[in-house]
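Listed below, chain by chain, are the residues.
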Amino acid sequence: MSGIRKFLVLSAGLSVLPVAASAGMIDFTSGVWAGANGNASATRSFDGLGVTVRAINGTGGANALSFTGFDGKVPGSVCGPVLACRYDGVGIVDDEISYGNGRKEDVERVVVEFSNAVTVTGIHFFDLFFGTGGDPAPGEMAQVQAFFAGGGSTGFGVQQADTGTGWEFWSGTLADVTRIEFFADSYRLASPEFSDFALAGIEVTGVPEPAGLALLGIGLAGLALRRRAAAARAES
């Protein structure tokens, strides 16, 4: 069998292999964020996915990201098995994303951007409390706005439903997401007064593995060569 024919056979076989996709946690409590405290933005890689986090103030300008030490208020079932809990999540200036008056554009917010579109299946929050201290019942609320690769966005609130640790988990499916903004306002989705929280983690799927991308490239190249060979035979 000639070299090109062997390549065509191999490539054709590879082209039908599924491209692997990783599922992972973007952990904002992990030591990977060392050195990001006080910066306006920081970029890290998680299983080949580039993740950039930015701090925005109430006038749209840059603010300072906050990664403070973990305060130990999260259940043991979360710290270790799910999140690293070296830091207390990402906040702005102090240790949290704090409530403000007005629209989303009028309050501070954390923006998370992905190098390619992902499916978000879960979001972890820290310091989101229910009716304690100065926080009114039924509890603090984090606002989330996800933006999609094809355009458009969706927004929703995540509210603490129980007293205790301040950890809250949102579970759902947001497909083809390229950016998420986190904030607590008084207008757009009506967070209760005094709401503040930290972003602890985002669970994602749909991140192409480098090996899978390589296989896909070889497969496509093989198909192109096969079509050229077929066209040449037809002309002869």
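Conventions we followed
Residues numbered from 1 in each chain as written. Predicted model: local features only at pLDDT ≥ 70, side-chain atom pairs only at ≥ 80, totals over all residues. Heavy atoms only, no water. Disulfide = S-S within 2.5 Å. Buried < 20%, exposed > 50% of the residue type's maximum accessible area, 1.4 Å probe, protein only. Phe/Tyr/Trp six-rings, centres within 6.5 Å; stacked < 30°, edge-to-face > 60°. Helix = DSSP H or I, 4+ residues; strand = E, 2+ residues; numbered from the N terminus. Lys NZ or Arg CZ within 6 Å of the ring centre and 35° of its normal. Core = buried A, V, L, I, M, F, W, Y, C linked by side-chain atoms within 4.5 Å. Contact = heavy atoms within 4.5 Å. pLDDT = per-residue confidence, 0-100. Pairing = 2+ DSSP bridges. Salt bridge = Lys/Arg side-chain N within 4 Å of Asp/Glu carboxyl O.

Draft legend 1. Geometry of the state of the cysteines. Per the stated rule, a full pass over the model turns up 1 disulfide. Disulfide pairing is shown between Cys79 and Cys85; the S-S distance is 2.0 Å. Torsion about the S-S bond of the Cys79 and Cys85 cystine: about -85°, corresponding to left-handed handedness. Of the two residues, Cys79 and Cys85, neither departs from the other in class, the shared state being buried.

Draft legend 2. Quick look at the packing of aromatic side chains. Applying the stated criterion across every chain yields a total of 9 aromatic pairs. On the numbers, 5.9 Å between centres and 65° between planes, the contact of Phe67 with Tyr87 is edge-to-face. On the criterion of sequence distance, the pair formed by Phe67 in the loop between strand S4 (65-66) and strand S5 (91-92) and Tyr87 in the loop between S4 and S5 is long-range, its members being 20 residues apart. Considered together, Phe67 and Tyr87 belong to a single accessibility category, that of buried residues. With a centroid separation of 5.7 Å and an interplanar angle of 75°, the aromatic rings of Phe125 and Phe197 are classed as edge-to-face. Of this pair, Phe125 sits in strand S7 (residues 109-126) while Phe197 sits in strand S11 (residues 196-208), placing them 72 residues apart in sequence. Of note, Arg179 hangs over the ring of Phe147, and the distance from its end group to the ring centre comes to 3.7 Å.

Draft legend 3. Structural context of the nonpolar core. Judged by nonpolar contacts, the single largest core of 39 residues is most densely connected at Phe28, Val112, Phe114, Val120, Phe125, Phe182 and Ile202. In terms of residue count, the dominant contributor to this core is S7 (7 residues). Not counting residues within four places of it along the chain, the set of residues in contact with Val112 comprises Phe28, Val51, Thr52, Val53, Thr178, Arg179, Ile180, Phe182, Leu199 and Ile202. Core analysis: the second largest hydrophobic core is formed by 8 residues, Cys79, Cys85, Ala198 and Ala200 among them.

Draft legend 4. Molecular detail of the confidence of the model for the chain. A residue-level look at the chain finds 73% of positions with pLDDT of 70 or above and a mean pLDDT of 81. Within the chain, no element has a lower average pLDDT than helix H1 (residues 3-15), which sits at 42, and none a higher one than S4, at 98. Low pLDDT, under 50, characterises residues 211-216; the predicted model gives this stretch 7 contacts beyond four residues in sequence or across chains.

Draft legend 5. Spatial organisation of unusual backbone geometry. Positive phi, normally seen in glycine, also occurs at Cys85, with a value near 60°. Inspection of the secondary structure assignment puts Cys85 in the loop between S4 and S5. In this structure, Asp176 takes a positive phi of about 65° despite not being glycine.

Draft legend 6. Fine view of the pairing of S7. As defined by bridge partners, strand S3 (residues 49-56) adjoins S7 across 6 bridges and the pair is classed as antiparallel. Paired with Val51 across the two strands is Phe114, which belongs to S7. As paired elements, S7 and strand S10 (residues 168-183) share 11 bridges and run antiparallel to each other. Residue pairing for S10: Val110 is matched across the bridge by Phe182.

Draft legend 7. Looking closely at the pattern of salt bridges. Per the stated rule, a full pass over the model turns up 4 salt bridges. As a salt-bridge pair, Lys104 and Glu181 come within 2.8 Å of each other at their nearest N and O atoms. In this pair, Lys104 is assigned in the loop between strand S6 (97-98) and S7 and Glu181 in strand S10, connecting sequence segments 77 residues apart. For Lys104, a relative accessible area of 7% corresponds to the buried category. Arg179 serves as the salt-bridge partner of Glu181, at 3.2 Å between the closest nitrogen and oxygen. Among the charged side chains, a salt-bridge network with shared partners connects Lys104, Arg109, Arg179 and Glu181.

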